Amino acid sequence: MKILITGGAGFIGSHFAVKMLEEQQEVSIIDNLHPYYSPERKKQHLEVIKQSGNFDFYQADLLNREETIGIIKRISPDAVVHLAALPGVAYSILRPLEYIDYDVKATVNVLEGAGQAGVKQVIFASSSSVYGSMRNIPFKEEMATGKPISPYAASKYAAESFCHVYGHLYGMEMKILRFFTVFGPWGRPDMAIANFIKKLKNGEEITVFGQGGSRDYTYVSDIVNGISLALHKLQGSSIINIGSGRPISMEQLLYELKRYFPDMKIRHEGDRAGDVERTWADLSLAREMLGYEPKVDFSKGIEETVAWADQYEKIL
Ligand SMILES: NC(=O)c1ccc[n+]([C@@H]2O[C@H](COP(=O)([O-])OP(=O)(O)OC[C@H]3O[C@@H](n4cnc5c(N)ncnc54)[C@H](O)[C@@H]3O)[C@@H](O)[C@H]2O)c1
């Protein structure tokens, strides 16, 4: 199968590209190495992917409509896995318009390109943040009703709508996957677990905002497995949660980290605007429609992530 991965030089994208090459799929990547975090780090991700096989790489900005449509038509993939985005809730409050560009307009360009190229299926990386401040838990797919609480989440929700539009216009299968807080080796440096581990390794204190809340932390290999199942097993269009189905409180996270960093120092600050208090994925649909089952428990995931940081963080 010919697969185009947008954002393939990113955290999840690079893990997914490795999995696709291991499956002997034909892989192309579009990524502009956006400086939201170090482009050098993204180049390293590309080097890691190369160890699993050859792929075509296009360094291009999906905001460039003509170029994006042109590249997708030239590749003419069977499937587009659209992971490119500007991530991060906190930054989206500072720069909301950039999220309309990178997370909405760029998505529309990809969808138009996919439609014109006659692509059969598009997988879109959405987010648990679209559920907003939900009291009912766990989150079922139908509970997202357009009441997000950050520009990032609003952009993802808007992009989901555009997926629906373009699925309708071009008759493409539209598979919207809502990922729940992803962690693991090469984890995004702006996210709590990666940020904490890096600071703790350097003997710096870490900052916990508000009461810390709880998150449905999901190990990256489970996310990548969910994408692969959606690609190969799912027929038709759907919106599906991909998570661990097991919320972890900040206390539990700190307890796990303390096993590796017994002297850790913590600074507490007030609530951060835009952060939801808790997330918890209902996985009934993922189980039923994909046969998805998360495999990596939280302690094991932290162990693997710390081991990775021991090996790599000092050279990054
Ligand atoms: N990591 C998580 O916990 C999480 C949770 C929910 C959803 N998601 C979504 O999953 C996707 C991947 O997330 P990630 O954590 O790997 O982020 P990431 O920042 O590591 O990867 C995104 C990649 O997209 C690229 N990109 C951004 N804008 C682009 C553009 N205009 N043109 C070309 N390339 C562009 C970036 O350079 C980057 O390499 C994103 O859509 C994100 O919103 C992530």
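What comes next concerns the included structure.

Conventions and cut-offs
- Residues numbered from 1 in each chain as written.
- Predicted model: local features only at pLDDT ≥ 70, side-chain atom pairs only at ≥ 80, totals over all residues.
- Heavy atoms only, no water.
- Buried < 20%, exposed > 50% of the residue type's maximum accessible area, 1.4 Å probe, protein only.
- Helix = DSSP H or I, 4+ residues; strand = E, 2+ residues; numbered from the N terminus.
- Pairing = 2+ DSSP bridges.
- Contact = heavy atoms within 4.5 Å.
- Polar contact = N/O pair within 3.5 Å; in protein donor to acceptor, adjacent residues only side chain to side chain.
- Near = heavy atom within 4 Å.
- Areas by Shrake-Rupley, 256 points an atom, 1.4 Å probe, with all protein chains shown as cover.
- Core = buried A, V, L, I, M, F, W, Y, C linked by side-chain atoms within 4.5 Å.
- Axes fitted to C-alpha atoms, helices over the stretch in contact; angles between N-to-C directions.
- Parallel < 35°, antiparallel > 145°, perpendicular 65-115°, else oblique.
- Left-handed = near helix turned anticlockwise from the far one by under 90°.
- Nonpolar A, V, L, I, M, F, W, Y, C, P; charged D, E, K, R; others polar.
- Right-handed = clockwise from strand over helix to strand, strands pointing away.
- Expected span 1.5 Å × (residues − 1).
- Arc of directions from axis to C-beta.
- 1 Å grid on protein atoms, 1.4 Å probe; cavity = no way out; pocket = protein on both sides within 12 Å on 5 of 7 lines; lining within 4 Å.
- Points joined across faces, edges and corners; volume = space filled by probe spheres on them.
- Salt bridge = Lys/Arg side-chain N within 4 Å of Asp/Glu carboxyl O.

### What about the pairing of strand β11 (residues 238-242)?
- Summarising burial for β11: four of the five residues are buried, a large majority.
- Alignment of strand β6 (residues 173-179) against β11, held across five bridges, turns out to be parallel. The residue of β11 that forms the bridge with Phe179 is Ile242.

### Let's talk about the environment of Ser92
- Here Ser92 is to be found in helix α4 (residues 89-94).
- Residue classification places Ser92 among the buried positions, given a relative accessible area of 0%.
- Here the alpha-carbon distance between Ser92 and Tyr255, two residues 163 residues apart in the chain, equals 30 Å.
- When sequence neighbours within four positions are dropped, the list of residues in contact with Ser92 reads Tyr99, Ser150, Pro151 and Tyr152.
- Within the local environment of Ser92, its side chain forms a polar contact with the backbone nitrogen of Tyr152, the two atoms lying 3.0 Å apart.

### Focus on the site of the ligand
- Surveying the vicinity of the ligand reveals 29 residues, the closest of which are Asp31, Tyr37, Asp61, Tyr152 and Lys156.
- Measuring from an oxygen atom of the ligand, one finds a side-chain N or O atom of Arg188 at 2.9 Å.
- Expressed as a share of its isolated accessible area of 820 Å², the protein-covered part of the ligand is 98%.
- At the level of secondary structure, the elements contributing two or more residues to the shell around the ligand comprise α1 (11-22), β5 (121-127) and α6 (151-170).
- Considering every element that reaches the shell around the ligand, the biggest residue donor is β5, with three residues.

### Observations concerning the nonpolar core
- Residues Phe16, Phe179, Phe196, Ile227, Ile242 and Leu253 are the most contacted members of the largest nonpolar core, which totals 69 residues.
- Of all hydrophobic cores here, the second largest spans 25 residues; its members include Ile75, Ala84, Leu111 and Val119.

### Overview of the packing of α1 against helix α8 (residues 220-233)
- Here α1 crosses α8 at 60 degrees, and the two axes come no closer than 9 Å. With respect to α8, the axis of α1 lies oblique. Regarding α1 and α8, the two cross each other, and that crossing is right-handed. For the pair α1 and α8, the contacting residues are Phe11, Ile12, His15, Phe16, Lys19 and Met20 in the first and Val220, Ile223, Val224, Asn225, Ile227, Ser228 and Leu231 in the second.
- Residue composition of the contact of α1 with α8, by class: nine nonpolar, three polar and one charged.

### Side note on the pairing of strand β2 (residues 26-30)
- Most of β2 sits out of view: four of its five residues are buried.
- In terms of handedness, the path from β2 via helix α2 (residues 39-50) over to strand β3 (residues 56-58) forms a crossover that is right-handed.

### Some remarks on helix α11 (residues 298-312)
- In this model, α11 (15 residues) spans 21 Å end to end at C-alpha, consistent with the 21 Å of a helix rising 1.5 Å per residue.
- Within α11, the full set of buried residues consists of Phe298, Gly301, Ile302, Thr305, Val306, Trp308 and Ala309. Projection of α11 onto a plane perpendicular to its axis shows the buried side chains occupying an angular sector of 160 degrees, all on one side.
- The distance from a side-chain oxygen at the start of α11 to the backbone nitrogen of Ser299 is 3.0 Å, and the residue carrying that oxygen is Asp297.

### A word on the layout of surface pockets
- Quantified by volume, the second largest pocket comes out at close to 240 Å³.
- Forming the walls of the second largest pocket are 14 residues, and the residues nearest its centre are Ser14, His15, Val18, Lys19 and Val220.
- Listed by contribution, the elements that provide at least two residues to the lining of the second largest pocket are α1, α2 and α8.
- Examining the composition of the lining of the second largest pocket, we find that five residues originate from one element, α1, more than from any other.
- For the lining of the second largest pocket, a count of residues per class yields eight nonpolar, four polar and two charged.

### Points about the pattern of salt bridges
- A full pass over the atoms with the stated rule returns 17 salt bridges.
- Between Lys140 and Asp282 there is a salt bridge, with the nearest N and O atoms lying 3.1 Å from each other. Of this pair, Lys140 sits in the loop between β5 and α6 while Asp282 sits in the loop between β13 (266-269) and α10 (284-290), and the two are 142 residues apart along the sequence.
- Note on Asp282: relative accessible area 9%, which makes it buried.
- With its nearest N and O atoms 3.1 Å apart, the salt bridge here joins Asp275 to Arg272.

### Some thoughts on empty space enclosed by the protein
- In total, this model carries one cavity of 30 Å³ or more according to the counting rule given.
- Here the largest cavity is characterised by a volume of approximately 40 Å³.
- Lining the largest cavity, in full, are Gly187, Ala194, Ile197, Thr305, Trp308, Ala309 and Glu313.
- For the lining of the largest cavity, the secondary-structure elements that each account for two or more residues are α7 (192-201) and α11.
- Among the elements that make up the lining of the largest cavity, the one with the highest residue count is α11 (three residues).
- Tallied by class, the residues present in the lining of the largest cavity amount to four nonpolar, two polar and one charged.

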